[in-house]
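Structure at a glance
Given next are the chains, with one letter for each unit.
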Amino acid sequence: GFRVVCTPERMAIAESERLAARLREADVPVDSLVVNRLFTNPEGCDCGRCRRDERRHADRLAAVEEQFDLPVRRVPELPGESQGLAALERVADALA
């Protein structure tokens, strides 16, 4: 089946909702939704920006899980661009 990928931002979530609906209308099976670049504050930073982004992304993830009747997979925000085998392995681990 098809995997719809979005970032945890309002516009991207709305676009993904429309895409999933259109795919279903076209009888294209959609098997999951991937929320990409999810900020989880892995360093436990207490600065205002990190706390704000962590809270905003957690709220948006909760909304996605409520809105979509699909399994939701999460890919955390990774440092830098995701290029090369090591980066692909980190993404693969998140999708497993």
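For the structure itself, look to the data block above.
In short, a report on the structure.

Conventions we followed
- Residues numbered from 1 in each chain as written.
- Predicted model: local features only at pLDDT ≥ 70, side-chain atom pairs only at ≥ 80, totals over all residues.
- Heavy atoms only, no water.
- Helix = DSSP H or I, 4+ residues; strand = E, 2+ residues; numbered from the N terminus.
- Buried < 20%, exposed > 50% of the residue type's maximum accessible area, 1.4 Å probe, protein only.
- Contact = heavy atoms within 4.5 Å.
- Pairing = 2+ DSSP bridges.
- Right-handed = clockwise from strand over helix to strand, strands pointing away.
- Axes fitted to C-alpha atoms, helices over the stretch in contact; angles between N-to-C directions.
- Polar contact = N/O pair within 3.5 Å; in protein donor to acceptor, adjacent residues only side chain to side chain.

If you trace the backbone, Ser16 turns up in helix H1 (residues 10–25). You can call Ser16 buried: its relative accessible area is 4%. Note: C-alpha distance between Ser16 and Cys6 (10 residues apart in sequence) is 6.4 Å. Apart from residues no more than four positions distant in its own chain, Ser16 is found in contact with Val4, Val5, Cys6, Leu33 and Phe68.

Across a regular strand the side chains alternate sides, sitting on one face of the sheet and then on the other. Of the pairings in the sheet, the one linking strand S1 (residues 2–6) to strand S2 (residues 30–38) comprises 5 bridges and is parallel in character. Residue pairing across strands places Phe2 opposite Val30, the latter belonging to S2. Bridge count for S2 against strand S3 (residues 72–76) is 4 bridges, and the pairing is parallel. Its bridge partner being in S3, Leu38 is matched across the sheet by Pro76. As for the winding sense of the linkage, the β-α-β connection from S2 through helix H2 (residues 48–67) to S3 is right-handed.

Let us now look at the sheet that holds S3. The 3 strands lie next to each other as S1-S2-S3, forming an open sheet whose pairing is parallel. In the strand order of this sheet, the two ends are held by S1 and S3, each with one partner. Strand-to-strand twist in this sheet, taken as the mean axis angle between neighbours without regard to direction, amounts to 25°. The strands touched by H1 within the sheet are S1 and S2, with S1 carrying the most contacts at an inclination of about 165°. In this fold H2 packs onto S2 and S3, with an angle of close to 175° to the strand it touches most, S2.

Relative to the helices and strands, Val5 is located in strand S1. Along the chain, Val5 and Leu85 lie 80 residues apart, while their C-alpha atoms are 20 Å from each other. Apart from the residues lying within four places of it in its own chain, the contact partners of Val5 are Ser16, Val34 and Asn36.

Examined against the element boundaries, Asp31 turns out to sit in strand S2. Accessibility expressed as a relative area gives 35% for Asp31, which makes it partly exposed. For the pair Asp31 and Glu17, spaced 14 residues apart in sequence, the C-alpha to C-alpha distance is 13 Å. A distance of 3.1 Å separates a polar atom in the side chain of Asp31 from a polar atom in the side chain of Ser32.

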